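Working through the structure, step by step
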Amino acid sequence: MTDLPTSTARKLGLVIDLDTCVGCHACVVACKGWNTENYGAPLADKDAYGAEPVGSFLNRIHSYEVQPANAPAQLIHFPKSCLHCEGAPCVTVCPTGASYKRVEDGIVLVNESDCIGCGLCAWACPYGAREMDPVENVMKKCTLCVDRIYNENLPEIDREPACVRTCPAGARHFGDFADPESNVSQLVAERGGIELMPEQETKPVNRYLPPRPKDEWAKDAEIDVLAPLLAPVAEEPKGLLGWLDKALERL
Amino acid sequence: MHRQPALDTSPKVSDEVRQTTCYMCACRCGINVHMKDGPDGKKQVAYIEGNRDHPVNQGVLCAKGSAGIMQVTAPSRLRAPLKRVGARGEGKFEEISWDEALELATKWLKPIRETDQSKLAFFTGRDQSQSFTSYWAQAFGTPNYAAHGGFCSVNMAAAGIYTMGGAFWEFGQPDWDHTKLFMLFGVAEDHDSNPIKIGLGKLKARGAKVIGVNPIRTGYNAIADEWVGITPGTDGLFILALVHELLRAGKIDVNYLARYTNAGVLVNCNEEDPDFGLFLRDDQGCALVIDRATGKPAPAEAAIPDLAATHRHAGVTYKPVLHLIAERYMDAAYAPEAVAERIGISAERIKRIAGEIARVAFEEEITIDQEWTDFRGKKHDKMIGRPVSFHSMRGISAHSNGFQTCRALHMLQILLGSVEVPGGFRFKPPYPKPSYAHPKPHCKVTPGQPLDGPHLGFTHGPEDLCLKEDGSPARIDKAFTWENPMSAHGMMHMVISNAHAGDPYEIDTLFMYMANMSWNSSMNTSEVMRMLTDKKDDGEYKIPHIIYSDAYSSEMVAYADLILPDATYLERHDCISLLDRPICEADGAADAIRWPVVEPDRDVRGFQSVLCELGARLDLPGFVNEDGSQKYADYADYIVNHERRPGVGPLSGFRSEEDTGRGPVNPAQMDKYIENGGFWLKHIPDEARYYKPWNMAYQDWAVETGLYDKTLPYLFQLYVEPMAKYQRAARGHGLIQPPDHLRERIKATLDPLPIWYPPFLDGHADPEEYPVQALTQRPMAMYHSWGSQNAWLRQIHGANPLYVPTKLWQKHGFAEGDWARLTSPSGEITVPVVHMAALNENTVWTWNAIGKRKGAWALDTDAPEVTKGFLLNHLIDELLPERGDGMRWSNSDPITGQAAWFDLRVKIEKVRAPAEAQPAHPAQGSPVPDAPADRSQKVGA
């Protein structure tokens, strides 16, 4: 079994804005591309052109429908990757020490050379955030692009996870949750960022910004606050034209 | 104890970054292609990301773009030119040399050019080089050229051009930085892709409100603050009800309408007069208004009109356009109460939305302290904005009432005064550009000579139609005829059925590029396959020769006699030209290139380069030098050295020291583009950023940049007079007359003010028998048929169930895993169903172009795209069902000819699950080897 650090200097992670995510999968594929070419074994695809293609992805989008009582149904796009938990059960369950949480920034990683592919960590993760690569037979998970965020071969502006850099809607934010002044801490404070499944006591670092209230018209359909704005200046075309002429005169 | 290994957090990223332009959809983002040395020492593509400096995507990139690497290595890629050896449709080919391929093409095409070029139909699909392919077709001399706009969104484009000199997407965009209320009507999620997502992200960050009007709540509509789950095909009625409410409340921008539109232009209102519906004009042909200052008629461009005045002249009463607008839309027929049931939205909600539009437009006015001077010479000390903006594409376009619906939306924006103002809709150069500044269509064939002008354009009356002397259609697709007089993008979807029927005439060679016509790009797919293989009594194919160019083993490949294999977008030159479908932004003119960031590893060639050589073999003017030798070695040579007008070529950048956009040919131009990241961008000066059609600073800048040759200020056309000219002819006036059976339809539908009428299919298919409407959408992670061959993307969208709303799901007793038979008046399909609640209660839908034919795209024959994937195309006929009037009416918009594939009505029944989705076509032969089972590749390893 593997120990977690007692504390980490920084708590790097993601804020994902569910009010803004359109479910385009840009983050999914940017992640697949970067991590195929970088950290550890490539993210491979079994039966790539066949009946049941199964590849490893470190980030996937799930879509859920929500049916409010008195409003139209909503579709929520929910991107999910490793939440880099402070109490990561995937680390403590690891029999070889291959899974570990970095003391300097809290990123949870798999040291692939020590991974025996037993899969215990994937079972232990309540979020389903780890995937066994079907071809390479090694455990894969989000690295928070640890090979980008400090990478001196990249321009400073690009030192962020591939999913954040590519997100067209700007729904993904990267930063240090240990710093209350950071962009991610501020967003969480302003928008009521939530922890995923807190009852699991995994203390995830990543946060989700909930969708803003939608379809408000359905909830207060009785109160037509805007009605006075549409008070007619005329019921008949002639009346409108007379009004128009006066309106134009004022200009 | 905690322990952690040493880790290199600064690994080498790549050996080189090459910047080019994406082609994974029509968005055309800038990309950084990271290259690494492969095992053979040659550079290979290792990783693709967005280019931060690029005006289109500003660094971000969608799923398709990031998956481009898997397109280059796709097993579906064709390897060499192919000649058919089996029967057409079988997919049996032999690989041949390029010399043999071009010789064969020349053998077929040369006699056509020398005798009758209309025997060639040259249609390009998702072509991004239309200014080049049309130039080739014009040099060949065939009238039969178009790209895929006729079945995509010509209604939106044409309605926008005729109304205000541009539409959405490539023509313009919301003012994302200032708009406070954004309304999104039916939109294909890739039209356009990243700019809309970037824009929505800006609105969300500011807390601006988004209203989504769409029967389906996915994608952009899923994050809309308010969803209007409208009945398909009724958007026009909804918009006109909003107009009704705004007019009654006087919530229109009177000053804007008076100054910048034809609201004051006088219209002949004497129904008995031959010129009823036409404008009052002076001797110079200028449309007249009553001048507010003098009370007398004056040219509209010169005077500020009296919007209330009417005018009597020679016994005829003339009324300003705004009178006609008020009379029509203030009528109770457009009241929210009158339309609510039909559109499926309550009257209270329509009023509430109208109120919200009015409040934001007129109570939350934006002012920018920026002086500007209008075309009448008046100086303005600020720019005033109405921060309501709109975007829409195919959802309202692909209906038989689509043109008028798009017109209605453009009229709504103009009435609010929100076009080309801060917070509203903004044009992107080279737009704004009024309809009359575009070419008119040309169709005159002279054997051995080029066509008399560009094929496609904008008609302004019966004299502009493409008719032969006997009145029959000049074009194989019957574009620009009385059936659809304003078909600005041609009608690719009619080519095969017309050629098969020999109506209006037979052709010899069908030549297509990037158009999967035997599958997802045709209506009535099974029937199209039959037409392509049908033979005459003498045993020859009804369409004798088919030449096709594609990079991949698509369904269409099996139906061609000669295949010219294209290079992928990372292996060839291209230009995204201002002469073509531009990629500009509202604040600047831009164009871009593609260049071979990798060399092809097989015997394939960029199609445009092939056309350069084929053009020379055919001695086409513009493609040969005076000594008869080949003029352009390849497409790159053409891009740099071709001049369309003096100083104006395919690329505007780096033509001179001043880099204005105009200038002589610069032999180093391509290198300059590569050095600059693959694109060129010229910013619009601050005083020219808004009011572009009327702002002299913009007009002068546009001339300097080469967008126009002289300044071109104009008024928006709330009333589109050319349409009245077709109605005039339909009433029996004028020399060029429509056939009698079309007169009533022309009178009813070519109304010069926006109208709404029910989708045509409603009058042909019994709404009780076919009570459900069926739509398709394109997923954001796929571009038509291309994505399925991409090992990454097909794991995102590997199958396309039919999504069924709660009411129908319960009514038919569906459960998870069930299948349904969907029947339309022209066909049936059997497909898997999935429940979806966030959906209009009478609408079913699916993702388009996921379903694949067995044998195509190098997929295994048991791939889910084949066994469960399906097309709705099988249910849509290019003709409407018979109605007992002896006619077969086209399933198209009567104005533009746009394919009305969103009019589809079906019935749905639960059935036992078949072995695979029906209809299941037999496998076509594959010209490429089987795909490998697994993929695990790291270039740098």
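Starting from 1, residues in each chain are numbered consecutively following that chain's sequence as written. As a convention, the first chain written is A and the first ligand written is 1, with the rest following in written order. For this predicted model, a pLDDT threshold of at least 70 governs which residues receive local features, and a threshold of 80 or more governs which side-chain atom pairs are given and counted, while totals over whole chains, interfaces and linings are taken from all residues.

Observations concerning the overall build of chain B
Each helix is a run of H or I in the DSSP string that is no shorter than four residues. Each strand is a run of E no shorter than two, and both are numbered from the N terminus. A count of helical and extended segments in chain B gives 24 helices and 34 strands. Our radius of gyration is a C-alpha quantity, and the globule rule it is checked against amounts to 2.2 Å times the number of residues to the power 0.38. Against the 2.2 N^0.38 benchmark of 30 Å for 941 residues, chain B shows a C-alpha radius of gyration of 27 Å, consistent with a compact globule. Along the longest, intermediate and shortest principal axes, the C-alpha atoms of chain B span 85 × 80 × 70 Å. Three exposure classes are used, all based on how many other C-beta atoms lie within 10 Å of a residue's own C-beta (placed from the backbone): buried at 20 or more, exposed at 12 or fewer, and partly exposed between those limits. In chain B, which comprises 941 residues, the proportion classed as buried is 65%.

Points about the overall build of chain A
Within chain A one finds seven helices and 11 strands. Rg of the C-alpha trace for chain A: 25 Å, well past the compact-globule value of 18 Å for 251 residues, more than 25% over. For chain A, the spread of C-alpha atoms along the three principal axes comes to 85 × 45 × 45 Å. Residue burial in chain A is summarised as follows: out of 251 residues, 49% are buried.

Topic: the packing of helix α8 (residues 235-248) of chain B against helix α14 (residues 402-415) of chain B
All names here are of chain B. Between the N-to-C directions of two axes lies an angle of 0 to 180 degrees, each axis being a line fitted to C-alpha atoms and, for a helix, fitted only over the stretch in contact. At a minimum axis separation of 8 Å, α8 and α14 run at an interaxial angle of 25°. Relative to α14, α8 is oriented roughly parallel. Like other packed secondary-structure pairs, α8 and α14 cross with a definite hand, here left-handed. Judged by residue contacts, Asp-235, Gly-236, Ile-239, Leu-240, Leu-242, Val-243 and Leu-246 of α8 engage Gln-404, Thr-405, Ala-408, Leu-409, Met-411, Leu-412 and Leu-415 from α14. Polarity classes work like this: nonpolar for Ala, Val, Leu, Ile, Met, Phe, Trp, Tyr, Cys and Pro, charged for Asp, Glu, Lys and Arg, and polar for all others, with Gly in that last group. Residues that form the contact of α8 with α14 fall into these classes: 10 nonpolar, three polar and one charged. Angular relationships are summarised with four words: roughly parallel below 35 degrees, roughly antiparallel beyond 145, roughly perpendicular across 65 to 115, and oblique for the angles in between. For any pair of crossing helices, the crossing counts as left-handed if the nearer helix is rotated counterclockwise from the farther one by less than a right angle, and right-handed if it is rotated clockwise. Residues are scored as being in contact if the C-beta atoms we place from backbone atoms lie within 7 Å.

Structural notes on the sheet that holds strand β10 (residues 209-213) of chain B
All names here are of chain B. Should DSSP find at least two bridges between two strands, the strands are regarded as paired. Strand order in the open sheet formed by four strands is β11-β10-β9-β21, and the pairing between neighbours is parallel. At either margin of the open sheet sits one strand with a lone partner, and together these are β11 (226-228) and β21 (388-391). Mean inter-strand twist for the sheet, computed between neighbouring axes without regard to direction, equals 20°. Direction of pairing for β10 relative to β11: parallel, over a ladder of three bridges. Across the sheet, Gly-212 pairs through a bridge with Trp-227, a residue of β11.

Concerning the domain arrangement of chain B
Residues and elements named next belong to chain B. Here the bounds of each domain stem from an automatic or database domain assignment. Domain boundaries in chain B define domain 1 (156-433 + 719-749) and domain 2 (765-879 + 900-911). If you average the C-alpha positions of domain 1 and of domain 2, the two centres end up 34 Å apart. Facing 18 residues of domain 1, the contacting portion of domain 2 comprises 17 residues. Considered class by class, the residues forming the side of domain 1 that touches domain 2 number six nonpolar, nine polar and three charged.

Things to note about the nonpolar core
For soluble globular proteins, the rule of thumb is that nonpolar side chains tend to be buried together. By convention the nonpolar core is taken to be a set of buried residues drawn from Ala, Val, Leu, Ile, Met, Phe, Trp, Tyr and Cys and joined through C-beta atoms within 7 Å. Residues Ala63(B), Ala121(B), Leu242(B), Val243(B), Ile357(B) and Ala774(B) are the most contacted members of the largest nonpolar core, which totals 384 residues. The biggest single contributor to this core is α8(B), with nine residues.

Considering the sheet that holds strand β28 (residues 679-683) of chain B
All names here are of chain B. Read from one edge to the other, the open sheet built from three strands follows the order β26-β27-β28, with strand pairing classed as antiparallel. The open sheet has two free edges, formed respectively by β26 (574-576) and β28, since each of these has just one partner strand. Here the average twist between neighbouring strands, direction ignored, is 10°. Here three bridges tie β26 to strand β27 (residues 588-594), and the two strands are oriented antiparallel to one another. Bridging from a neighbouring strand, Cys-575 pairs with Ile-593 of β27.

Section: the packing of helix α3 (residues 98-115) of chain B against helix α17 (residues 607-617) of chain B
Residues and elements named next belong to chain B. Closest axis-to-axis distance for the α3/α17 pair is 10 Å, and the angle between their directions is 50°. What the angle tells us is that α3 and α17 run oblique. Crossing of α3 against α17: the hand is right-handed. Packed against α3, whose contacting residues are Leu-102, Ala-105 and Thr-106, the element α17 presents Glu-613, Leu-614 and Arg-617 at the interface. Across the contact of α3 with α17, the residue classes break down as three nonpolar, one polar and two charged.

Observations concerning the domain arrangement of chain A
What the domain assignment lists for chain A is domain 1 (12-213) and domain 2 (219-249). For domain 1 of chain A and domain 2 of chain A, the distance between their C-alpha centroids amounts to 52 Å.

Some words on unusual backbone geometry
All names here are of chain B. In this structure, Pro-432 follows Tyr-431 across a cis peptide bond, with omega equal to 10°. Position of Pro-432 relative to the elements: it lies in the loop between β22 (425-427) and α15 (495-501). Cis geometry is found at the peptide bond from Asp-503 to Pro-504, where omega equals 10°. The residue Pro-504 is located in the loop between α15 and β23 (509-513) in this model. Positive phi outside glycine occurs at Phe-654, with the angle close to 60°. Within the fold, Phe-654 resides in the loop between α18 (635-641) and α19 (669-675). Assessed through the 18 C-beta atoms surrounding it within 10 Å, Phe-654 is described here as partly exposed.

Remarks on the interface of chain A and chain B
Listed as interface residues are 84 residues of chain A and, on the opposing side, 91 residues of chain B. For the side of chain A that touches chain B, the residue count by class is 46 nonpolar, 18 polar and 20 charged.

With respect to α17(B)
Residue and element names in this part refer to chain B. Burial of α17 is extensive: 10 of the 11 residues sit out of reach of the surface. For α17, the set of buried residues is Phe-607, Gln-608, Ser-609, Val-610, Leu-611, Cys-612, Glu-613, Leu-614, Gly-615 and Ala-616. In this structure, the buried side of α17 is in contact with α3, α4 (130-140), β23, β24 (545-550), β25 (562-565) and α18. One or two positions beyond α17, positive phi appears at Asp-619, with a value near 60°.

A look at the confidence of the model for chain B
A residue's pLDDT is the confidence the predictor assigns to it, expressed on a 0 to 100 scale. Mean pLDDT over chain B: 96, with 100% of residues reaching 70 or higher. With a pTM of 0.97, the predicted complex shows an ipTM of 0.96.

A short note on the pairing of strand β6 (residues 120-124) of chain B
Residues and elements named next belong to chain B. Most of β6 sits inside the fold, with five of its five residues counted as buried. By the alternation rule, side chains of β6 split into Leu-120, Phe-122 and Thr-124 and Ala-121 and Phe-123, which are all buried. Two strands pair when backbone bridges link them, and β6 and β23 are joined in this way by five bridges, in the parallel orientation. Within β23, the residue paired with Ala-121 across the bridge is Leu-510.

Quick word on helix α6 (residues 194-206) of chain B
All names here are of chain B. For α6, which comprises 13 residues, the first-to-last C-alpha distance of 18 Å matches the rise-based estimate of 18 Å (1.5 Å per residue) to within 8%. Those residues of α6 lying buried are Asn-194, Pro-195, Ile-196, Lys-197, Gly-199, Leu-200, Gly-201, Leu-203 and Lys-204. At its buried positions, α6 is contacted by β8 (172-174), β9 (181-185), β10, α7 (219-222) and β21. In the stretch just after α6, Gly-207 is the one whose phi turns positive, near 75°. A helix is expected to span 1.5 Å multiplied by its residue count minus one.

Quick word on the environment of Ile223(B)
With respect to the helices and strands, Ile223(B) occurs in the loop between α7 and β11. Through-space distance from the C-alpha of Ile223(B) to that of Gly212(B) is 8.5 Å; in sequence the pair is 11 residues apart.

Here's the deal with the environment of Thr846(B)
Residue and element names in this part refer to chain B. Along the chain, Thr-846 falls in strand β33 (residues 843-847). For the pair Thr-846 and Pro-801, spaced 45 residues apart in sequence, the C-alpha separation works out to 6.2 Å. Those residues in contact with Thr-846 that sit more than four places away from it in its chain are Thr-776, Asn-800, Pro-801, Leu-802, Tyr-803 and Leu-872.

What about the pairing of strand β2 (residues 30-37) of chain B?
Put simply, side chains in a regular strand alternate between the two faces of the sheet. All names here are of chain B. As paired elements, strand β1 (residues 16-21) and β2 share six bridges and run antiparallel to each other. Bridged to Val-17 within β2 is His-34. Of the strand pairs in this sheet, β2 and strand β3 (residues 43-50) are connected by seven bridges, and their pairing is antiparallel. Bridging from a neighbouring strand, Asp-37 pairs with Lys-43 of β3. Counted along the chain from β2 to the antiparallel partner β3, the turn is five residues long, and its residue Gly-41 has a positive phi close to 85°.

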